[in-house]
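Structural characterization, general
Below are the chains, spelled out letter by letter.
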Amino acid sequence: MAVRAIRGATQLEKDEREHLLERSAELVRAVLQANDLESEDLISILFTVTPDLHSEFPAVAGRQIGLTDVPLMCMQEIDVPHALPRVVRMMVHAESARSREKIQHVYLHGAVSLRPDLTGAQ
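Before going into details, it helps to say that this report is about the structure given with it. (Residues numbered from 1 in each chain as written. Predicted model: local features only at pLDDT ≥ 70, side-chain atom pairs only at ≥ 80, totals over all residues. Heavy atoms only, no water.)

Positionally, N35 belongs in the loop between α1 (17-34) and β2 (42-49). At 3.0 Å, the side chain of N35 and the backbone oxygen of V31 are in polar contact. Not counting residues up to four positions away in its chain, the partners in contact with N35 are I6, R98, K102, I103 and Q104. (Helix = DSSP H or I, 4+ residues; strand = E, 2+ residues; numbered from the N terminus. Polar contact = N/O pair within 3.5 Å; in protein donor to acceptor, adjacent residues only side chain to side chain. Contact = heavy atoms within 4.5 Å.)

Set out below in structure tokens:
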């Protein structure tokens, strides 16, 4: 087992609380599923949001789907003028038997454009 960092991101259509919670939960579930992780494998999750998102903390979605004993933290991204808008990013720290090259990073909705090299959207 090793500690691995797993990236993920999703783009929202609008800054609305329920939409942010839905997309954030979808992202967390997708990363866990893609990497065969259970909550007991998780060390922590860091969430970031672009400055145009402020309707809710993405960590609330993690709590709502049962990650009650995993440290979760939210931060704001740097306000870069040409950045993709309405993006929630996350970095999961987990214990995994997978090698670094077998880790699956997950980008959903418009966020696939952030890392086409990892999503096959080239």
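Okay, unusual backbone geometry next. Positive phi values are uncommon outside glycine, yet D36 reaches one of about 50 degrees. By secondary structure assignment, the location of D36 is in the loop between α1 and β2. For D36, a relative accessible area of 59% translates into the label exposed. The phi dihedral of R86 is positive, around 55 degrees, even though this residue is not glycine. Note on placement: R86 falls in the loop between β3 (72-76) and β4 (87-96). (Buried < 20%, exposed > 50% of the residue type's maximum accessible area, 1.4 Å probe, protein only.)

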